[in-house]
Amino acid sequence: MERGRRRFLTVAAAALTALGGCAVMRLGLDAPEVRVAGIQPVDATLLEQRFLITLRVLNPNNVEIDVEGLTFAVELNGHAFARGVSNQATVIPRLGEATLEVTATTGLMDVLNQLRQFQKAPEAVPYRLKGRLVTGRFGSIDFDRSGEVSLTRLQPR
């Protein structure tokens, strides 16, 4: 009997999680657009480097979105580069935007792999920013943005 109850609770929890992630779609909202607005090195040790990343979140909806936090990952050249989480709360106004400053961490091996790739790269490096916004009333909202970073100008395009 206990085994059946555990199984039911597991299935119910999974279903609620899946429904929460689809809240934006159920309510007819467009997903916010998340972009990198700036990157600054914070500190570095031999094994770990940290960056302060400014994210700009654009809300195309006619209702404000309360963001309670987020998780994200940055890829360069199709390879994992940095990851981060934040519990910084903010409100993205309706038909507006807001910025979030988050810390990303990368390891020595990720940096070394990227340095090897930069030697082969022409003038631009593809990047991808993907993650999840955690909101109050809309559940979780996934985001995924790709582009290129110019190595000659060192800024996203």
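The structure we're discussing is the one just above.
Residues numbered from 1 in each chain as written. Predicted model: local features only at pLDDT ≥ 70, side-chain atom pairs only at ≥ 80, totals over all residues. Heavy atoms only, no water.

Student: I'd like to hear about the side chain of N61, residue by residue, with values.
Tutor: With respect to the helices and strands, N61 occurs in the loop between strand 2 (48-58) and strand 3 (65-76). Sequence-distant contacts of N61, that is, excluding residues within four places in its chain, are made with L29, D30, R94 and L95. (Helix = DSSP H or I, 4+ residues; strand = E, 2+ residues; numbered from the N terminus. Contact = heavy atoms within 4.5 Å.)

Student: Mind laying out the pattern of salt bridges, listing which residues take part and the relevant values?
Tutor: Two side chains carrying opposite charge are able to pair once their charged atoms lie near each other. Tallied over the entire structure, the rule returns seven salt bridges. The closest approach of N and O atoms between E33 and R35, which form a salt bridge, is 2.4 Å. The exposure class assigned to E33 is partly exposed, which follows from its relative accessible area of 29%. The partner of K130 in a salt bridge is E75, with the nearest N and O atoms 3.4 Å apart. In this pair, K130 is assigned in strand 7 (residues 124-135) and E75 in strand 3, connecting sequence segments 55 residues apart. E75 gets classed as buried once you look at its relative accessible area, which sits at 17%. Taken together, the shared-partner salt bridges in this structure form one network comprising E33, R35 and R145. (Salt bridge = Lys/Arg side-chain N within 4 Å of Asp/Glu carboxyl O. Buried < 20%, exposed > 50% of the residue type's maximum accessible area, 1.4 Å probe, protein only.)

Student: Go over the pairing of strand 2, please, and point to the residues and values.
Tutor: Where strand 1 (residues 33-44) meets strand 2, ten bridges bridge the pair, whose relative direction is antiparallel. Within strand 2, the residue paired with G38 across the bridge is T54. Hairpin geometry of strand 1 and strand 2 is characterised by an intervening segment of three residues between the two adjacent antiparallel strands. Bridge analysis of strand 2 against strand 6 (residues 97-107) gives eleven bridges, and the strand direction is antiparallel. By the bridge assignment, E48 is partnered in strand 6 with G107. (Pairing = 2+ DSSP bridges.)

None of the figures reported here should be taken as evidence of function without further support.
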